[in-house]
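Chain and residue survey
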Amino acid sequence: MNSDFFMQKAIELSIKNINNNGGPFGCVIVKNNKIISEGVNGVTQNNDPTAHAEIVAIRNACTKLNTFDLSGCEMYTSCEPCPMCLSAIYWSHIDIVYYGNSRENAAEIEFDDKFIYDEMKKDINARKIPLKRILKDEAIKAFNLWAQTENKTKY
């Protein structure tokens, strides 16, 4: 099977999800030329703003493979990943992402994440949602313990 086959599956999932009252996004994760997981946008059905198709597919793949490391996997998603999904893709170590629609296409139908990209470029003190650092001396204790722990699983 080739890339077009897997992308077509992601697109079919996105269309089917609209018919199930979900958002127009679908995703598949492939390993060794086989689909190992699927995901569709479940934000409104699950009242979960993190339930983007890519996140759902990553969670499903990690569960199926019993790992947090998806090295050796490819992602096919119906739309260019948003900043949240892109971060999850990096954290999961997926090798490559193929996408159909662009972020500009998404903005045209009112799925605009440009403001998030813009916010990330701003100084932390100039962002729309305030980030206030508190209890830093207490919080660092966990990081110090982690640094000293020898039998930890790095990721």
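Attention in this report is confined to the structure presented alongside it. (Residues numbered from 1 in each chain as written. Predicted model: local features only at pLDDT ≥ 70, side-chain atom pairs only at ≥ 80, totals over all residues. Heavy atoms only, no water.)

Some thoughts on unusual backbone geometry
With a phi close to 55°, Asn32 is a non-glycine residue in the positive phi region. Following the sequence through the fold, Asn32 ends up in the loop between β1 (26-31) and β2 (34-40). With phi around 65°, Asn33 is a residue other than glycine that occupies positive phi space. Tracing the backbone through its elements, the reader meets Asn33 in the loop between β1 and β2. (Helix = DSSP H or I, 4+ residues; strand = E, 2+ residues; numbered from the N terminus.)

Focus: the pairing of strand β4 (residues 96-101)
The side chains of a regular strand alternate, residue by residue, between the two faces of the sheet. As paired elements, strand β3 (residues 73-79) and β4 share 5 bridges and run parallel to each other. Paired with Cys79 across the strands is Asn101, a residue of β4. The parallel pair β3 and β4, bridged by helix α4 (residues 83-92), forms a crossover whose chirality is right-handed. (Pairing = 2+ DSSP bridges. Right-handed = clockwise from strand over helix to strand, strands pointing away.)

Quick word on the sheet that holds β3
On the basis of which strands lie adjacent, the open sheet formed by 4 strands has the order β2-β1-β3-β4 and mixed pairing. Each edge of the sheet is formed by a strand with only one pairing partner; in this case those strands are β2 and β4. When the angles between neighbouring strand axes are averaged without regard to direction, this sheet yields 15°. The pairing of β1 with β2 spans 6 bridges and is classified as antiparallel. Within β2, the position partnered with Lys31 by the bridge is Lys34. (Axes fitted to C-alpha atoms, helices over the stretch in contact; angles between N-to-C directions.)

Concerning the packing of helix α3 (residues 53-65) against α4
Running from amino to carboxyl end, α3 crosses α4 at an angle of 25°, the nearest separation of the two axes being 9 Å. Comparing the axis directions of α3 and α4 gives the class roughly parallel. In this structure, α3 crosses over α4, and the sense of that crossing is left-handed. Taking contact as the criterion, the partners of Glu54, Ile55 and Ile58 in α3 are, on α4, Met84, Cys85, Ala88, Ile89 and Ser92. Grouping the constituent residues of the contact of α3 with α4 by class yields 6 nonpolar, 1 polar and 1 charged. (Parallel < 35°, antiparallel > 145°, perpendicular 65-115°, else oblique. Left-handed = near helix turned anticlockwise from the far one by under 90°. Contact = heavy atoms within 4.5 Å. Nonpolar A, V, L, I, M, F, W, Y, C, P; charged D, E, K, R; others polar.)

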